[in-house]
Amino acid sequence: MATSKPQRSPAEIEDIILRKILHVTLTDSTTPDPRVVYLEMTAAEILSEGRDLLLSRDLMERVLIDRLSGTFPAAEQPFPYLVGCYRRAHDESRKIQSMKDKNLRSEMEIVTREAKRLAVSYCRIHLANPDMFGSVDNKPIGVGMKKRSVSPLLPLIFSEVGSGSLDMFGGSSSGGGVQPPPGFLDEFFKDSDFDNLDVILKELYEDLRSTVINVSVLGDFQPPLRALKYLVSLPVGAKSLVSHEWWVPRGAYMNGRAMELTSILGPFFHISALPDNTLFKSQPDVGQQCFSQASERRPADLLSSFSTIKNFMNILYSGLHDVLMILLKSTDTRECVLQFLAEVINANASRGHIQVDPVSCASSGMFCNLSAVMLRLCEPFLDPHLTKRDKIDPKYVFYGHRLKLSDLTALHASSEEVSEWINKDNTAKATDTRNENESRLLQSKEATSSSNNATGQNAKSTTKYTFISECFFMTARVLNLGLLKALSDFKHLAQDISRGEDNLATLKAMRDQSPSPQLELDITRMEKELELYSQEKLCHEAQLLRDGDFIQRALSFYRLVVVWLVGLVGGFKMPLPSTCPMEFSCMPEHFVEDAMELLIFASRIPKALDGVQLDDFMNFIIMFMASPEYVRNPYLRAKMVEVLNCWMPRSSGSSATSTLFEGHQLSLEYLVRNLLKLYVDIEFTGSHTQFYDKFNIRHNIAELLEYLWQVPSHRNAWRRIAKEEEKGVYLNFLNFLVNDSIYLLDESLNKILEIKKIEAEMSNTAEWEQRPAQERQDRTRLFHSQENIVRIDMKLANEDVTMLAFTSEEITAPFLLPEMVERVANMLNYFLLQLVGPQRKSLSLKDPEKYEFRPRQLLKQIVRIYVNLARGDSENIFPGAISSDGRSYNEQLFNAGADVLRRIGEDGRIIQEFMELGTKAKAAASEAMDAEAALGEIPEEFLDPIQYTLMRDPVILPSSKTTVDRAIIQRHLLSDNHDPFNRAHLTSDMLIPDVELKARIDEFVRSHQSKKRASGEDGSSNKEKERIQTTSSDMLID
């Protein structure tokens, strides 16, 4: 009969379990498992105490300390050993569940729980004091920091939060390793003394920060990001992070770049697809890996790269948003987050400059990431109805203590006005506070005098603003320094590429004509530069322009900005209040400028505006684009027109934008009026480049006006404005339109002559080749430069002439005003002379369309303007204005022009009316000569001092006391509102009629005309021949 197996006692079972958990033995020095350590000294001590060599719960901590403190060559390092103890305790606790004896099972559960508790406790002790039980055998880390070992806890956290992410190319990301025992990390971070865990957590944050330094979006950033989120989700972890000395680094030399490099969150925000300065370049190189030789890649490959980068960036955005959101939700850490954001913004204020120093400013990648994260934080108050906008306090700009906003350029107020207003408001607040305190003293007789010292100076530090206010203004600043700056960089990149391609084409053309080693080197260098530019441009496109959600969130934010700003002036209604509220006047100018820039960029991205509520933007633009009393900067108001230009249906390709022009109430009532006003205002911007800037701005206005003329409701508004403002803004508009037309056409024609000269030089190959290489290069560059200038100037001139043609068809009265008619006639005569006069052959080009030079179309438009004005000339003053032009008028030009018109197929009725006008002009010239002859010698006091012609309506200038002819001075005032004799301010309503002089002039004219009629002189035909320049038909082009 077989003997039964002896039953083990509970003490023996406990000993077995603890030996398995702790990997120690007190009895056997020859154990086959090298991980099991024989504690000989401990065993001897236990025996000396008269106890059995059995492990028990009361000996557990003593044995554990001896195991950790001893020197055992083959044994595990302290941390993996302790984690192993926890894991084995967990395994044993599961096995214990199969025990049938409930009492025994309960006792053994207590043992395993205590083993896990001790394992966790000594893990904390070991990590907080690494030298207590021996050093950690891991690779040292730290970039620019103290050298130390990576926390062995980090791989366990990586495993806990998941490491199954894939990199861009389908490979598994690193960060794997041994899995933490179930419940280990929860136990580790739970219910412990903060000071004990704080050291461990701070080292973990430093380790996480180091793992992502100089890592691009293609790098392995996801495990550290998930680990960061995991740690801050722990109350103790959040507190430890914001109390870290590197949360907001301090120091005498701390700047934006140093903060990005040294702060805990900085390297996470640096992760990006955007290239950084070579000193701080991230790896893997996104441009090289995704976009090298992009022109040779399949479109599908590029689209795949765009999509992957966008997806990875959104993973980063979401992770960083979650981290900040966790910290913001806690009242214990919210203030620290706001402080961090404010310090980053203030330290990088110079990112708003045109030139950014990459050594002192954080990277574009960091601020674009911060832009995306801040927009996500704003989402709760970006609802469609913007119901929480009233919680945004405008006084934050002046009294908020975090951001330096009052130093920024304001929408209208000067820096002195801002300071004066703030000081005045502070004084008022201090007075109110003192009065209130005195009242309380009188009522209660118990208040202390301490509150009587309240002043506006401490308002800045004591006022508490809502989180919505804080978030709103911080987001506006971050977008200005981040997203909008990056979009500006993208625009400049595109311009650099365009210029580089032009230069490369020029170099290759020069190489084809005369090859040289230096040219080959220059071409190779330029090709490399263009490749790098192309990669950088595509990186910007991938992270920014291809991310529709990013752009749409930004548009939603700027919709809130414009609606909130309009609320400061009383809401969407016109006309605006006569006085601009100081709250609006002092708002940072870039709030509006950034909104306009983003709208321009978004308008050029397919489908970016889909679903965006544009009505509020349209209202804002119409309200302020012609209001210098509210928006001082004329270039900012011009940018609003650029937005509208992008929204024209033919430009945007979207039918949604047509309703903004054709069915929008403010648009129908004010758009044309304000465009005409801005066309005039932009003449004087105050910039040293104002003369050239105005042409580009007016180009946008002209395109928009041409489109609006095709819309019946806007055309009716235009007619009404021309009638109401006949001698106001509309007359100024016409004057500048005529001025620009003359200048642009004159410049273009002169440049065409220069181009033809260089073409002739280059076509003489033998002589050209003998010139020095440098001279040939200079002349070739000049040739291409002149080509570009002619192309631009001719395009602008065509626009101006087109506008004159279609407006004169229905609106003629302003053209025929005394101060305008001669100016218009001179312009038309000059154009006609250039197009059909003697020098026409010299303007012939091989490819005129290349330069936007369309002489046939131009001639037709010029002639139609002549005819349109003749049709509306009920007082028959136009022919006299034509013939009085001593510079360009010639009677034979009308015949020559008619001949050309017949050959190019112009309408016969137009030609007939044009010829009739020429006949009338000839007759007017004859009459003028007769009148001039009749007057004889005119007294000098009757002559206008500006043009030396007989004054018809003399007026006195109030400042210089000079007498001039009204029509001549009014023509001058259309372009310059200063007295031409002493530059004092002058307007038409300031002119003083010289009644006495006018009576004498009228009497002089009457008396001489009477004498002529009495004498019956008839020498007009001879005098006419003397005055009118004759041109033989051979001089004119048939």
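Residues numbered from 1 in each chain as written. Predicted model: local features only at pLDDT ≥ 70, side-chain atom pairs only at ≥ 80, totals over all residues. Heavy atoms only, no water.

- An unreviewed UniProt entry annotates the protein chain as RING-type E3 ubiquitin transferase of Brassica campestris.
- Under the Pathway (unreviewed entry) heading, UniProt states for the protein chain: "Protein modification; protein ubiquitination." (UniProt positions renumbered as here; feature names shortened; annotations may be inferred.)

## Brief notes about the overall build of the protein chain
Item 1. Regarding its fold elements, the protein chain presents 43 helices and seven strands.
Item 2. For the protein chain, buried positions account for 51% of its 1038 residues.
Item 3. For the protein chain, the share of sequence-separated contacts (at least 6 apart) that also reach a separation of at least 24 residues comes to 75%. (Helix = DSSP H or I, 4+ residues; strand = E, 2+ residues; numbered from the N terminus. Buried < 20%, exposed > 50% of the residue type's maximum accessible area, 1.4 Å probe, protein only. Contact = heavy atoms within 4.5 Å.)

## Topic: the sheet that holds strand E7 (residues 992-993)
Item 1. Pairing in this open sheet of three strands is antiparallel, and the strands run E6-E5-E7 from one edge to the other. In this open sheet, the two strands that pair with only one neighbour each are strand E6 (963-965) and E7.
Item 2. The pairing of strand E5 (residues 954-956) with E7 spans two bridges and is classified as antiparallel. Note on E7: the bridge partner recorded for Ile 956 is Ile 992.
Item 3. Lying over the sheet, helix H41 (residues 966-975) contacts E5, E6 and E7, oriented at roughly 85° with respect to E6. (Pairing = 2+ DSSP bridges. Axes fitted to C-alpha atoms, helices over the stretch in contact; angles between N-to-C directions.)

## Notes on the nonpolar core
Item 1. Counting residues in each nonpolar core, the largest one holds 296 residues, and the members touching the most others are Leu 153, Phe 189, Phe 624, Trp 647, Trp 718 and Phe 733.
Item 2. Dropping the residues within four chain positions of it, Leu 153 is found in contact with Phe 79, Leu 127, Phe 184, Leu 185, Phe 188, Phe 189, Ile 200 and Leu 204.
Item 3. In this structure, Ile 497, Leu 519, Ile 523 and Met 526 belong to the second largest nonpolar core, which totals eight residues. (Core = buried A, V, L, I, M, F, W, Y, C linked by side-chain atoms within 4.5 Å.)

## A few points about the packing of helix H36 (residues 818-836) against H41
Item 1. The contact between H36 and H41 brings their axes to 8 Å, and the two run at 70°. Regarding the angle of H36 to H41, the classification is roughly perpendicular. Here Pro 818, Glu 819, Met 820, Glu 822 and Arg 823 of H36 lie close against H41, whose contacting residues are Ala 967, Gln 970, Arg 971 and Leu 974.
Item 2. Of the residues in the contact of H36 with H41, the class split is four nonpolar, one polar and four charged. (Parallel < 35°, antiparallel > 145°, perpendicular 65-115°, else oblique. Nonpolar A, V, L, I, M, F, W, Y, C, P; charged D, E, K, R; others polar.)

## Considering the side chain of Asp 965
Item 1. Structurally, the position occupied by Asp 965 is in strand E6.
Item 2. Within the local environment of Asp 965, its side chain forms a polar contact with the backbone nitrogen of Arg 952, the two atoms lying 2.9 Å apart. (Polar contact = N/O pair within 3.5 Å; in protein donor to acceptor, adjacent residues only side chain to side chain.)

## Overview of unusual backbone geometry
Item 1. Here the amide bond leading from Gln 283 into Pro 284 is cis, since omega sits at -5°, within 30 degrees of zero.
Item 2. When you line up the elements, Pro 284 lands in the loop between helix H12 (266-270) and helix H13 (286-291).
Item 3. Note the cis peptide between Met 574 and Pro 575, where omega equals 0°.
Item 4. Phi is positive for Gln 293, which is not a glycine, with a value near 50°.
Item 5. By relative accessible area, Gln 293 is classed as partly exposed at 40%.
Item 6. Non-glycine residue Asn 876 carries a positive phi angle of around 55°.
Item 7. Mapped onto the elements of the fold, Asn 876 is located in the loop between helix H37 (855-871) and helix H38 (878-883).

## Overview of the environment of Tyr 707
Item 1. Of note, Tyr 707 is situated in helix H31 (residues 690-709).
Item 2. Through-space distance from the C-alpha of Tyr 707 to that of Phe 661 is 9.8 Å; in sequence the pair is 46 residues apart.
Item 3. Beyond its immediate stretch of four places on either side in the chain, Tyr 707 contacts Met 648, Pro 649, Arg 650, Ser 658, Phe 661 and Glu 662.

## Looking at the packing of helix H21 (residues 483-513) against helix H25 (residues 589-603)
Item 1. At a closest axis distance of 10 Å, the pairing of H21 and H25 adopts a crossing angle of 50°. Relative to H25, the element H21 is oriented oblique. Crossing geometry of H21 relative to H25 is assigned as left-handed. Contacts between H21 and H25 involve Leu 483, Leu 484, Leu 487, Phe 490 and Lys 491 from the former and Asp 594, Glu 597, Leu 598 and Phe 601 from the latter. (Left-handed = near helix turned anticlockwise from the far one by under 90°.)

## What about the pattern of salt bridges?
Item 1. For the structure shown, the criterion picks out 55 salt bridges.
Item 2. Glu 597 is the partner of Lys 639 in a salt bridge, and the nearest nitrogen-oxygen pair spans 2.8 Å. Here Glu 597 lies in helix H25 and Lys 639 lies in helix H27 (residues 634-647), a separation of 42 residues in the sequence.
Item 3. Taking relative accessible area as the criterion, Lys 639 reaches 15% and is therefore assigned buried. (Salt bridge = Lys/Arg side-chain N within 4 Å of Asp/Glu carboxyl O.)

## Structural notes on the UniProt feature "coiled-coil region" (unreviewed entry) in the protein chain
Item 1. According to UniProt, the feature "coiled-coil region" (unreviewed entry) maps to residues 516-543 in the numbering used here.
Item 2. Secondary structure across residues 516-543 divides into 96% helix and 0% strand, with the first and last C-alpha atoms of the span separated by 41 Å.

## Regarding the packing of aromatic side chains
Item 1. Summed over all chains, the structure comprises 36 aromatic pairs.
Item 2. Judged by centre distance (5.4 Å) and plane angle (80°), the rings of Phe 557 and Tyr 558 are edge-to-face.
Item 3. Residue Phe 557 is classed as buried on the basis of its relative accessible area of 0%.
Item 4. A residue is classified by how much of its surface remains accessible, and Tyr 558, at 1% relative accessible area, is buried. (Phe/Tyr/Trp six-rings, centres within 6.5 Å; stacked < 30°, edge-to-face > 60°.)

## Focus: the side chain of Asp 979
Item 1. Along the chain, Asp 979 turns up in the loop between H41 and E7.
Item 2. Although Asp 979 is buried, it makes no salt bridge; Arg 983 carries the closest opposite charge, 7.4 Å away.
Item 3. At a separation of 2.7 Å, a polar atom in the side chain of Asp 979 contacts the side chain of Ser 960.
Item 4. Within polar-contact distance, the side chain of Asp 979 engages the backbone nitrogen of Phe 981 at 2.8 Å.
Item 5. Once residues lying within four places of it in the same chain are set aside, the contact partners of Asp 979 are Leu 957, Ser 959, Ser 960, Ala 984 and Leu 986. (Lys, Arg positive; Asp, Glu negative; His and termini not counted.)

## Quick word on the environment of Lys 961
Item 1. Along the chain, the position of Lys 961 falls in the loop between E5 and E6.
Item 2. A distance of 3.1 Å separates a polar side-chain atom of Lys 961 from the backbone oxygen of Pro 958.

## So, the environment of Leu 26
Item 1. Within the secondary structure, Leu 26 is located in the loop between strand E1 (24-25) and strand E2 (37-38).
Item 2. Each C-alpha atom, one on Leu 26 and one on Thr 42, is 7.4 Å from the other, the two residues being 16 residues apart in sequence.
Item 3. If near-sequence neighbours (up to four positions away) are discounted, Leu 26 is found in contact with Tyr 38, Leu 39, Thr 42, Ala 43, Ile 46, Leu 53, Leu 54 and Leu 55.

## Digging into the confidence of the model for the protein chain
Item 1. For the protein chain, per-residue confidence averages 85 on the pLDDT scale, and residues scoring 70 or more make up 89% of the total.
Item 2. Confidence over residues 164-176 falls short of pLDDT 50; this stretch has 33 contacts with residues more than four positions distant or in other chains.
Item 3. Note that pLDDT drops below 50 for residues 1017-1038; the model gives that stretch 35 contacts with residues more than four away or on any other chain. (pLDDT = per-residue confidence, 0-100.)

## Some remarks on the state of the cysteines
Item 1. Tallied over the full model, the rule gives zero disulfides.
Item 2. No disulfide involves Cys 539; its nearest neighbouring cysteine sulfur is the one of Cys 290, lying 7.1 Å away. (Disulfide = S-S within 2.5 Å.)

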